[in-house]
Amino acid sequence: MKRWQVNSLAPLVLHTWGAVSFVYHRESGQTHFINASCRQILELIAEQSLTTIQVHERLLEHHGIDEDSDLQEAVITVIRLLEGLGVVVACGG
Amino acid sequence: MDEENAPAWLRDLPISVLQRRLQRGLRCKVGPFVVCFQGQERSLAERFHAHYPNYPLVDENRFADVKLQIRRNPTLGRQRWTTRAISLEDGRVFTTFPVAATLAHIEWSMNWAVANRSHHFLSLHAGVMANEHGALILPANPGAGKSTLCAYLMHRGWRLLSDEFTLLRDANLAVHPFPRLIPLKNRSIDVIRELVPEAHLAPPIPGTHKGTISHLRPPDVHLRAMHETAVPRLMIFPKYTAGAKLSISPAARADCFVQITQNSFNYTLRGEEGFRMAVALTERVQPYRLEYSDLPEAAQAIDALMQEAAA
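Residues numbered from 1 in each chain as written. Chains lettered and ligands numbered in written order. Predicted model: local features only at pLDDT ≥ 70, side-chain atom pairs only at ≥ 80, totals over all residues. Heavy atoms only, no water.

(A) Up close: the overall build of chain B. Counting its secondary structure elements, chain B contains nine helices and 16 strands. Radius of gyration (C-alpha) of chain B: 20 Å, near the 19 Å computed for a compact globule of 311 residues. Seen through its C-alpha atoms, chain B measures out along the principal axes to roughly 55 × 40 × 35 Å. Within chain B, the fraction of its 311 residues that count as buried is 57%. Put simply, 69% of the contacts in chain B that link residues at least 6 apart link residues at least 24 apart. Approximately 13300 Å² of chain B is accessible, and the part contributed by carbon and sulfur atoms is 50%. Here chain B contributes 36 positive and 30 negative side-chain charges, whose respective centroids are spaced 6 Å apart. (Helix = DSSP H or I, 4+ residues; strand = E, 2+ residues; numbered from the N terminus. Rg over C-alpha atoms; globule rule 2.2 N^0.38 Å. Buried < 20%, exposed > 50% of the residue type's maximum accessible area, 1.4 Å probe, protein only. Contact = heavy atoms within 4.5 Å. Areas by Shrake-Rupley, 256 points an atom, 1.4 Å probe, with all protein chains shown as cover. Lys, Arg positive; Asp, Glu negative; His and termini not counted. Charge placed at Lys NZ, Arg CZ, Asp CG, Glu CD.)

Listed below in structure tokens is the structure:
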């Protein structure tokens with residue numbers, strides 16, 4: 001299963017105001033406007049490379065909730081989006 | 001020292017001397033930049049004397065950040081006598097215009113050059129004024145009344161840093177003044193004439209792509225302070241709406257950040273440092289939205305907001 005990691009050698013450049021965050025992506029020079037869920041996923045992946053399932057499990061644990069298929073779908077969508085932007089990349093099979 | 005090199009201010013040069021200096025290349029300090037103006041005609045010297053008298057002169061050998069050559073239009077036949085052209089350093093025609101619009105095109109060409117070259121600053125398309133408490137930054141889209149508001153505030157106790165460019169430098173976010181003529185457009189001309197009878201307005205230039213324009217000359221005191229930076233304290237997003245009641249509301253910092261990046265000429269070029277400066281500026285200022293139709297009322301509200309921000 002693919003593991004995901006942040007596509008940068010340096011730490012994330014991110015600033016948060018309330019529920020809104022802005023992340024500066026060094027590799028592309030672009031600034032992305034992200035919501036709280038996206039930020040949480042990005043920060044998990046920035047800590048260590050994770051599979052989509054691991055991200056999902058950590059979010060369940062963090063929020064103290066049981067299995068949630070909507071959340072899993074959301075994780076897949078967000079990671080796909082971040083991959084499309086070049087912010088995260090797959091790093092293993 | 002000869003008679004031509006002695007004066008420190010453009011106004012001190014007699015027209016005939018000014019014309020000779022322009023023919024060789026007249027260098028003036030305009031905020032943090034040295035601008036070299038070059039042109040042959042006596043009428044150009046007269047324009048400079050009338051509209052740029054308070055700019056300090058610098059030595060003819062100084063490096064110029066911007067060079068503007070104002071000359072007859074070389075590409076047209078009959079219109080050669082009624083139109084003029086501006087070239088930048090490469091000597092190619094940058095813009096052509098009717099003689100009557102010379103002042104507007106000198107100003108626009110200078111804007112273009114600074115917006116496209118001055119990447120040692122984080123530059124925002126925003127007016128910026130200052131008082132003893134710090135700088136007030138006014139980012140706005142064209143038509144929002146930014147220049148008119150700056151023109152009014154300039155005559156009501158605020159110092160003009162610029163009606164168009166907010167130039168920020170270094171981690172301390174010092175705002176560098178770039179004081180210039182303020183181009184008032186269409187109805188704003190009469191509004192300022194009425195509210196500020198002492199305002200020094202150049203003859204209106206009709207038929208430009210922005211309508212009729214009249215340039216307001218900043219009083220001497222604003223140009224004398226062109227080396228004094230200011231610390232950002234307040235950011236207001238102004239919006240003029242005819243007949244609107246005064247309305248002020250705090251702006252969300254995230255919106256403020258977006259506005260800063262969208263109103264910047266070179267945010268992307270500045271890379272990660274641009275991001276960090278935009279974040280720091282967002283944190284530094286108190287951001288508000290202001291809708292108004294009455295200038296004195298808006299100015300009073302802005303005074304109060306600055307007092308509050310400084311408290």
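Moving on, there is more to tell.
(B) Main features of a negative patch on the surface. A contiguous patch of negative charge, built from A:E57, A:E61, A:D66 and A:E67, is present on the exposed surface. By secondary structure assignment, the location of A:E61 is in helix 2 (residues 52–63). (Patch = residues over 30% accessible without salt bridge, like charges linked within 9 Å, V, L, I, M, F, W, Y side chains within 5 Å. Salt bridge = Lys/Arg side-chain N within 4 Å of Asp/Glu carboxyl O.)

(C) Up close: the sheet that holds strand 2 (residues 13–17) of chain A. All names here are of chain A. Pairing within the open sheet is antiparallel, and its three strands lie in the order 2-3-4. Strand pairing shows two members of the sheet lacking a second neighbour, strand 2 and strand 4 (30–35), which therefore form its edges. Across the sheet, the mean angle from the axis of one strand to that of its neighbour is 20 degrees, orientation sign disregarded. As defined by bridge partners, strand 3 (residues 20–25) adjoins strand 4 across six bridges and the pair is classed as antiparallel. Bridge pairing in strand 4 links H25 to Q30. Helix-sheet contacts for helix 1 (residues 36–47) involve strand 2, strand 3 and strand 4, and the interaxial angle to strand 4 is about 115 degrees. (Pairing = 2+ DSSP bridges. Axes fitted to C-alpha atoms, helices over the stretch in contact; angles between N-to-C directions.)

(D) A look at the packing of aromatic side chains. Tallied over the entire structure, the rule returns 16 aromatic pairs over all chains. Between B:F37 and B:Y52, the aromatic rings sit 6.1 Å apart at their centres with planes inclined by 25 degrees, giving stacked as the arrangement. Pair noted here: B:F37 is in strand 2 (residues 33–39) and B:Y52 is in the loop between helix 2 (42–51) and strand 3 (66–72), with a separation of 15 residues, a long-range link. Side by side, B:F37 and B:Y52 carry an identical accessibility label, which is buried. One aromatic cluster in this structure is built from A:W17, A:F22, A:Y24, A:F33, B:F257 and B:F275. It is B:R169 that lies over the ring of B:F121; its NZ or CZ is 5.3 Å from the centre. (Phe/Tyr/Trp six-rings, centres within 6.5 Å; stacked < 30°, edge-to-face > 60°. Lys NZ or Arg CZ within 6 Å of the ring centre and 35° of its normal.)

(E) Broad picture of the domain arrangement of chain B. Residues and elements named next belong to chain B. With domains assigned, chain B is organised as domain 1 (10–117) and domain 2 (122–310). Taken over C-alpha atoms, the centre of domain 1 sits 26 Å from the centre of domain 2. Between domain 1 and domain 2, the contact holds 23 residues from the first and 27 residues from the second. For the pairing of domain 1 and domain 2, the buried interface totals around 2100 Å² over both sides, and the portion due to carbon and sulfur atoms is 67%. At the junction of domain 1 and domain 2, the tally comes to two salt bridges. R180 is the salt-bridge partner of E107, the closest N and O atoms lying 2.9 Å from each other. Listing elements by their share of the side of domain 1 that touches domain 2, those giving two or more residues are strand 1 (26–30), helix 2 and helix 3 (102–117). (Domains from an automatic or database assignment. Buried area = accessible area lost by both parts, 1.4 Å probe.)

(F) Local environment of the nonpolar core. Residue and element names in this part refer to chain B. Grouped together as the largest cluster of nonpolar side chains are 43 residues, with contacts concentrated most on L26, F37, F48 and I106. Top contributing element to this core by residue count: helix 3, with eight residues. Here this core spans two domains, and each of domain 1 (10–117) and domain 2 (122–310) adds at least three residues to it. Discounting residues that sit within four places of it in the chain, F37 has contacts with L22, G25, L26, C28, F48, L68, I106 and M110. (Core = buried A, V, L, I, M, F, W, Y, C linked by side-chain atoms within 4.5 Å.)

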